[in-house]
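Chain and residue survey
Next come the chains, spelled out residue by residue.
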Amino acid sequence: MGMDYSKIDRWILAEDSFDPVHLGKCEAVMSLGNGYLGLRSATEEKYLGETRNLLINGTFDLFDSSEVTELPNAADVTAMELWIDGERFSLDQGGYAGYSRELNIHTGELTRQVEWTSPGGSRVGLSFRRMVSLKRLHDIAMEVTVICLDRPVTVKLRSGIDARVTNTGTQHFTEGEKRFYEKKYIQLLETTLQSDITFVLNAVHRFALNGVPLELETDVNIDRRVIYADYTVELKPGDAFTAEKYANVSTTRDLDCAGLSVPQLQARTLEALKASADLGYQALAEESAAQWRLEVWEKAPIEISGDKNSRMDLFALRFAQYHMRLMLPRHDNRMNIGAKGLSGEGYKGHCFWDTEIFLLPYYMFTDPEAARKLEEYRYLSLPGAHKKAQDNGYQGAMFPWESAWLDDGETCPLYMGTDILTGTPIKVWSGIIEQHITADVAFGAWQYATIAGDQDFLERYGYELIMDTATFWASRLEPGEDGRYHINDVVGPDEYHEHVNDNAFTNYMACWNLNKAIAYHDHLKTADPALFQRLDEKLSLSQVYPKWVDGAARLYLPQPTAEGILPMDDRFMDGEEIDLSKYKNQEFVAGIMKDYNLDQIQRLQVCKQADCLVLFYLLEDQFPPEVKRASWAYYEARTVHDSSLSLSTHSVQAADMGELEMAYDLFRRASMIDLGPYMGTSDAGIHAASFGGVWQCVIYGFGGVRMLNGKLRIQPNLPCGWDRLDFTLMWKGQRLRVSAAKDSLTVENLTKTAPVFVTLNGVETEL
Ligand code: BGC
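Quick summary incoming for the structure in this document. (Residues numbered from 1 in each chain as written. Predicted model: local features only at pLDDT ≥ 70, side-chain atom pairs only at ≥ 80, totals over all residues. Heavy atoms only, no water.)

**Quick look at the sheet that holds strand β30 (residues 757–760)**
If you trace the four strands from one edge of the open sheet to the other, you get β25-β26-β30-β31, paired in mixed fashion. The two strands at the open ends of the sheet, each matched to only one other strand, are β25 (705–708) and β31 (763–766). Averaged over all adjacent pairs, the angle separating strand axes in this sheet is 30°, with direction ignored. (Pairing = 2+ DSSP bridges. Helix = DSSP H or I, 4+ residues; strand = E, 2+ residues; numbered from the N terminus. Axes fitted to C-alpha atoms, helices over the stretch in contact; angles between N-to-C directions.)

Now the structure itself:
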């Protein structure tokens, strides 16, 4: 009981029983959204322990200097409370039958059915529908139907806009105007405390009795931070009462509202609300479903056929695609993707290396326009990166470990979690010394530009990003007694080891960054002197170039041991080995933190997540196969996969090594991080990067797709249970259809406006 996977062939994730103790799971995994807004799927009726979230991307606010900026939780529009004969509808009282909640990922609609008997014995059938439009980015629409099953009942509905919500206790808004227009249209304004963004929310209800429109008298209530109306109707047995609720939300930060005064925004959004309500729920739902087809399912179709498990594999992949669209701000390049998307308050809406290393591949290969926006965001946030470099005594662009608004700079909190030994909050070092993010950003910009063949991006943003980040690395290197440069005192990708020297991932990526800047410098100097001069004026190339060259030549790069293992840093391999089976087999993560504090973990050979293994596929050709194999075996045995970024990396790597059973097992585990039956895993929001990871397991791992040194390679390795894998890829403006079977591979250029050079199973081919 709980998650129900019997309808996955119809693109439906269902819940077959209601669990008031584990509300967070379905709220997050069944959330709705469109990249502009994210709506957590808390139910219409309220429960203790629920989390109602309406998050608008990019609307960051800093409540107090002791906190970090976060996406504020906007007023709730989803509550629609019902009373049946005076008794409040709630599944934790009375009795119920026939419960089912379904998320249709093809259409982006959430529905719920239940037959409820009130404690006093009145029986009603209830059905709920809800959607966030993918076409009208500000719109939310809901529908509730009450069917009177036995004796006549009085139904009361209370619904409105409720700004009595917080971010786990922090109130980000000052109260604004509240109004009823024409005794029908509800409007509420609220303004963020520090960032001064005004949110305008509107709602209106429409009613019908047995399909015939119905006007209902209202009882209007305006109170502190809330505005709502009560509607009452009498039903006879067999009657069906329907209440539709249309709502929208807009802010003064929205690009499509730029230049409007607050009163103009109020008027405009109210008109938009009326237009949506006139269209009606069904038409809005169809319009949005059509947009889902156009933007996602037709643009990036994937098919897997094989044994019975392959149906779930395909659903998991589509579920990942669904969520990767919910979190994607296609409409605005001033914002990025939070580590929990827009499905919860976890990680405060901040973006991490998750974007470039885990999510960007999906967007680059399926929706390059959107991918470009994500990288433009990094360019636009250079002011924050410069600020961070200066604050730390470095030059160039030092990207924040956690990013929010463009000029915020570092937004990583200083403390998080509890130290099991001292009972104090744990200091988070990532914002200070997890520095590989700077090279990851440069790598992302290069990957995007290469895969999309986007020269315009490189000229406007990419070259500068890659050079400015190289300048940071050149200023960051520390000369050692051995005559080499070292990068000391960092946190690598594996966050269980802090203050390490020469983290392999960091050093190799920094070296890549320096070399890429050098190559572009040398190329532009002759190929595009005008652009070269512009960059020179901006970045003082003549001064920094010799430092890049010196840095790249002398940077220490950890080398494999005699056993072929790449040391992830200068001390990991000397750590104490402990039996990790307990932690590796737990249904929840970070169990080890209940037995050891971070200081103790530092001295153990235990990894939270993939570290140098990520290198093995980003810079695949820099490491011989035997090093990858030996390192994989060594590190996997020591990794507890406490980060959702870990399993997919191991899976792709295993597929590359031809260890398909292992790769498939890891992929299945990765695909269950949010989708699986474990109830406590997604409370703070879904795991955005793990969805990118699931796509990478399939397309990079089993599909064998990789961009290496600017070239496309496809070399499928299907797992035993799969007969076929079909997908499309965008490569330099050409759309390719790839069909891989156990013994055949077909790649077709569907666009046909330019030749495509691709290495297919080792053979260079022109399409
Ligand atoms: C991981 C990081 C990741 C962050 C956000 C942390 O737990 O260790 O690698 O960037 O979560 O997803």
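Moving on from the coordinates now.
**Description of the sheet that holds strand β3 (residues 32–33)**
As summarised here, the arrangement of the three strands in space is β3-β4-β5, forming an open sheet in which the pairing is antiparallel. Edge strands, defined here as strands with exactly one partner in the open sheet, are β3 and β5 (54–56). Summarising the sheet, β3 and strand β4 (residues 37–39) pair through two bridges and their orientation is antiparallel. Bridge assignment links Leu 32 to a residue of β4, and that residue is Leu 39.

**What about the pairing of strand β10 (residues 123–132)?**
Along a regular strand, successive side chains alternate from one face of the sheet to the other. Within β10, seven of the ten residues are buried, which leaves the element mostly enclosed by the surrounding structure. Of the strand pairs in this sheet, strand β9 (residues 109–117) and β10 are connected by nine bridges, and their pairing is antiparallel. Considered in β10, the bridge of Glu 115 is made with Gly 125. Counting the residues between successive antiparallel strands, the hairpin from β9 to β10 contains five residues, one of them, Gly 121, with a positive phi of roughly 100°. If you look at the hairpin formed by β10 and strand β11 (residues 139–148), you'll find six residues sitting between the two strands. (Buried < 20%, exposed > 50% of the residue type's maximum accessible area, 1.4 Å probe, protein only.)

**Structural notes on the packing of aromatic side chains**
Enumeration over the complete set of coordinates arrives at 45 aromatic pairs. An angle of 75° between the planes, with centres 5.6 Å apart, marks the rings of Phe 319 and Phe 691 as edge-to-face. With a gap of 372 residues between them, Phe 319 in helix α4 (residues 309–326) and Phe 691 in helix α20 (residues 688–702) connect regions that are remote in the sequence. Neither Phe 319 nor Phe 691 differs from the other in exposure class; each is buried. Residues Trp 353 and Phe 358 carry aromatic rings whose centres are separated by 5.3 Å and whose planes lie at 85° to one another, so their mutual orientation is edge-to-face. Like Phe 358, Trp 353 is buried. One residue, Arg 112, lies across the ring of Phe 128, its end atom 4.1 Å from the ring centre. (Phe/Tyr/Trp six-rings, centres within 6.5 Å; stacked < 30°, edge-to-face > 60°. Lys NZ or Arg CZ within 6 Å of the ring centre and 35° of its normal.)

Purely spatial values, then, with no claim about function.
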